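# Structure at a glance
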Amino acid sequence: MRHALALAARAEREDDEIPVGALVVDAGGRLLGEGWNRNITEHDPTAHAEIVAMRQAGMRLGNHRLVGCTLYVTLEPCAMCAMAMIHARVARVVYGAADPKTGAAGSVFDLLADPRHNHRPSVSGGVLGDEAGERLRSYFRRKRGARTPG
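The structure contained in this document is the topic of the report that follows. (Residues numbered from 1 in each chain as written. Predicted model: local features only at pLDDT ≥ 70, side-chain atom pairs only at ≥ 80, totals over all residues. Heavy atoms only, no water.)

## Thoughts on the nonpolar core
Spelled out, the test is: Each nonpolar core is a collection of buried residues, namely Ala, Val, Leu, Ile, Met, Phe, Trp, Tyr and Cys, held together in the definition by side-chain atoms within 4.5 Å. Only protein chains enter the calculation, and the probe is 1.4 Å; a residue is then buried if its accessible area is under 20% of its type maximum, exposed if over 50%, and partly exposed in between. Comment: elements are numbered from the N terminus, with helices defined as DSSP H or I runs of at least four residues and strands as E runs of at least two. Any two residues whose heavy atoms approach within 4.5 Å are treated as being in contact.
Among the nonpolar cores identified, the biggest contains 31 residues, and Val24, Met54, Leu66, Leu71, Met85, Val90 and Leu112 are the most heavily contacted of them. Mapped by element, the contributors of at least two residues to this core are strand S1 (21-25), helix H2 (49-61), strand S3 (70-75), helix H3 (79-88), strand S4 (92-97) and helix H4 (129-146). Look past the residues within four positions of valine 24 in its chain and what remains in contact with it is Arg30, Leu31, Leu32, Gly33, Ala53, Met54, Ala57, Cys69, Thr70 and Leu71. In terms of nonpolar packing, the next biggest core, distinct from the first, is built from eight residues, Leu7, Ala11, Val25 and Trp36 among them.

Now the structure itself:
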């Protein structure tokens, strides 16, 4: 999760994107893919950190399935990302801060645990959640403070 937090910092520092970072590792702990939010920079609504990391991992494996892999992300996945994880057959999802507005791993929706899916990854939330949450709050405070009236 520390690596995911470093990626989140890069999102903010390098691209002025919402600071969310993600990485995918295989069962042996080998890094397969990493990313941070790129949806504003790339004009791509699907370029969330998790999607970027899963795309890299899929390319590295030469497979759209990420069987046995763990995805670490600094913010609870949204519905789009959660469903991509299910379709990719990610084995485990570890996230930092909960997302009370759009979280799909238990906060607003619980898509990752829905018994109607043919695959359900294990989920661990709140890992370094205070640190991840503070990074997000600071980003949005800075953005709101940068606005000029008028």
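## Observations regarding the sheet that holds S3
To keep it simple, the criterion reads: Any two strands between which DSSP finds at least two bridges are classified as paired. With axes taken as lines fitted to C-alpha atoms, and helix axes fitted only over the stretch in contact, angles between N-to-C directions fall between 0 and 180 degrees.
The strand order across the open sheet built from five strands is S2-S1-S3-S4-S5, with neighbouring strands paired in mixed fashion. Two strands in the sheet have a free side with no partner beyond their single neighbour: strand S2 (31-36) and strand S5 (122-124). Shown here is a sheet whose adjacent strand axes are inclined to one another by a mean of 15 degrees, direction ignored. Alignment of S1 against S3, held across four bridges, turns out to be antiparallel. Bridge pairing in S3 places valine 25 opposite threonine 70. Contacting S1, S2 and S3, helix H1 (residues 2-15) crosses the sheet at an angle of about 40 degrees to S2.

## A closer look at H1
Convention followed: To estimate the expected span of a helix, count its residues, drop one, and scale the result by 1.5 Å.
For H1, built from 14 residues, the straight-helix expectation of 20 Å at 1.5 Å per residue is met to within 8% by its first-to-last C-alpha distance of 20 Å. Listing the buried residues of H1 in full gives Ala4, Leu5, Leu7, Ala8, Ala9 and Ala11. Remark: aspartate 16 follows H1 within two positions and exhibits a positive phi of approximately 50 degrees.

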